[in-house]
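# Structural features, examined
Here is how the chains run, residue by residue.
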Amino acid sequence: MAGSLADDLLHWYDQAARALPWRQPPGGTSRPDPYAVWLAEVMLQQTTVMTAAPYWQRFLGRWPTVGALAGAEEAEVLREWAGLGYYARARNLLAAARVIAAAGRFPDSEQALRELPGVGPYTAAAIAAIAFNEVTVALDGNVERVAARLFDISDPLPGARRTLREALYPHVPPGRPGDFAQALMDLGATVCTPRAPRCRACPIGSACAARAAGTAEALPVKAPRRARPVRHGLAWWIDHGAAVALVRRPANGLLGGMPALPGTEWRAEPIRQHPFEARWIQEAGTVVHGFTHFELRLAIDRVQVPERFSRIGDQPVSWIPLGRLADAGLPTLYARAVARILGASEDRTP
Ligand code: SF4
């Protein structure tokens, strides 16, 4: 039913909606640009609003239309993406922009959006609801939590998603599905928070089954995570004449195509090797970095070499002046490795 729950939620949203740069004000009649919505939704996966906002502004400033993005070089897109992590998102963004540009129109339904590279159920539903007012349920982490509590559903996530979607769907108001989706996101972010939900201030509290049952803080239930396996790698900080050696990661695979410190493969066992002539080598600590499916322990060795070389194995090497490293577009893993070196280098400047 589309009735009091949607009315109460939208009434609250009309006053309390978060002002986000990619949003239209609540209740507006004009629809937002689907390209801008899509960009925001992709950036917000695994990233906070605060972090994503300046990236979103920069992307739109540089590539104001999906056609402009489609014509971009992948290396440039990855460079602008540097720091947001999960670089497959950036590559998929570009691939999808090229699909859209080739088709000559932006897909305008949830089903058609699902055909795009990298667009999963949540992103397709969010764009369809927000940009095209399609009646659908966009289930992100915030909305999962609100729905599990609202209907007091204790089946563990992620298996419970279908149940949650089916429970919410009858409440989506046909006139304002985009605002309804964003209102649920905002409620989850600001009122129905993971810990200490503010049930007394909740605009839909009177309809909330978990509030009535006293189970809100125990929901949602999540299936236990399997421990992430650990992989080990070694990166070489090779400097010569105030420049440092960088390579590009292989195009296929994690951080594909991104600039990186040269180093070994990532393996189950710690590894230490140096396939080049060195004047001296100094162990410089380890960066621990979480990827989705494993934890990486990246040891770093500082290496002084007698002369510059142009390749390590089959990888071409670029020598980047230390003063330009900040503009190299290093992904977070390597930016952290660099910060570790530069923060600890005062006592041993070659
Ligand atoms: Fe969440 Fe409490 Fe509102 Fe229920 S009443 S939706 S638990 S904030």
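Okay, so let's go over this structure. (Residues numbered from 1 in each chain as written. Predicted model: local features only at pLDDT ≥ 70, side-chain atom pairs only at ≥ 80, totals over all residues. Heavy atoms only, no water.)

## Quick word on the overall build of the protein chain
Within the protein chain one finds 13 helices and eight strands. Dimensions along the principal axes, computed over C-alpha positions, put the protein chain at roughly 75 × 45 × 30 Å. Relative to its full complement of 350 residues, the protein chain shows a buried share of 48%. The contacts of the protein chain with a sequence gap of at least 6 include a subset with a gap of at least 24, amounting to 70%. Summed over its atoms, the accessible surface of the protein chain is roughly 17,000 Å², and 51% of this surface lies on carbon and sulfur atoms. (Helix = DSSP H or I, 4+ residues; strand = E, 2+ residues; numbered from the N terminus. Buried < 20%, exposed > 50% of the residue type's maximum accessible area, 1.4 Å probe, protein only. Contact = heavy atoms within 4.5 Å. Areas by Shrake-Rupley, 256 points an atom, 1.4 Å probe, with all protein chains shown as cover.)

## A short note on the nonpolar core
In globular proteins that are soluble, nonpolar side chains generally tend to be buried together. Trp38 and Ile238 are the most contacted members of the largest nonpolar core, which has 120 residues in total. Not counting residues up to four positions away in its chain, the partners in contact with Ile238 are Ala243, Val244, Ala245, Pro262, Phe276, Val303, Val305, Phe309, Ile312 and Trp319. (Core = buried A, V, L, I, M, F, W, Y, C linked by side-chain atoms within 4.5 Å.)

## Overview of the site of the ligand
Residues in close proximity to the ligand include Arg149, Cys192, Cys199, Cys202, Gly205, Cys208, Arg211 and Ala216, which together make up its full environment. Residues belonging to the shell around the ligand are distributed by class as follows: five nonpolar, one polar and two charged. (Near = heavy atom within 4 Å. Nonpolar A, V, L, I, M, F, W, Y, C, P; charged D, E, K, R; others polar.)

## Side note on the pairing of strand 1 (residues 230–240)
Counting buried positions along strand 1 yields eight of 11 residues, so the element is predominantly enclosed. In this structure, strand 1 lies alongside strand 5 (residues 295–304), joined through 10 bridges in parallel fashion. Residue pairing in the sheet places Val230 in a bridge with Glu295 of strand 5. Across two bridges, the pairing between strand 1 and strand 2 (residues 243–248) is antiparallel. Looking at strand 2, one finds that Asp239 is bridged to Val244. Two successive antiparallel strands, strand 1 and strand 2, enclose a turn made up of two residues, where Gly241 displays a positive phi of approximately 60 degrees. (Pairing = 2+ DSSP bridges.)

## Quick look at unusual backbone geometry
For the bond running from Leu157 to Pro158, omega is 5 degrees, close enough to zero to count as cis. With respect to the helices, strands and loops of the structure, Pro158 is situated in the loop between helix 9 (141–150) and helix 10 (161–168). Look at the link from Leu219 to Pro220: it is a cis peptide, with omega at 0 degrees. With respect to the helices, strands and loops of the structure, Pro220 is situated in the loop between helix 12 (209–213) and strand 1. Even without glycine at this site, Asp152 takes up a positive phi of about 50 degrees. Note that Asp152 resides in the loop between helix 9 and helix 10. Not every positive phi belongs to a glycine, and Ala196 is a case in point at roughly 50 degrees. Topologically, Ala196 is positioned in the loop between helix 11 (177–190) and helix 12.

## Remarks on the side chain of Asp301
Structurally, the position occupied by Asp301 is in strand 5. At 2.7 Å, the side chain of Asp301 and the side chain of His274 are in polar contact. Leave out the neighbours within four places in its chain, and Asp301 touches Leu234, Ala235, Trp236, Trp237, Arg272, His274, Ile281, Gln282, Glu283 and Ala284. (Polar contact = N/O pair within 3.5 Å; in protein donor to acceptor, adjacent residues only side chain to side chain.)

## Some thoughts on the packing of helix 9 against helix 11
Running from N to C, helix 9 and helix 11 point in directions that differ by 85 degrees, and their axes come no closer than 8 Å. The pairing of helix 9 with helix 11 is recorded here as roughly perpendicular in orientation. Side by side, helix 9 and helix 11 meet where Asn142, Val143, Arg145 and Val146 of the first sit next to Leu184, Met185, Leu187, Gly188 and Ala189 of the second. (Axes fitted to C-alpha atoms, helices over the stretch in contact; angles between N-to-C directions. Parallel < 35°, antiparallel > 145°, perpendicular 65-115°, else oblique.)

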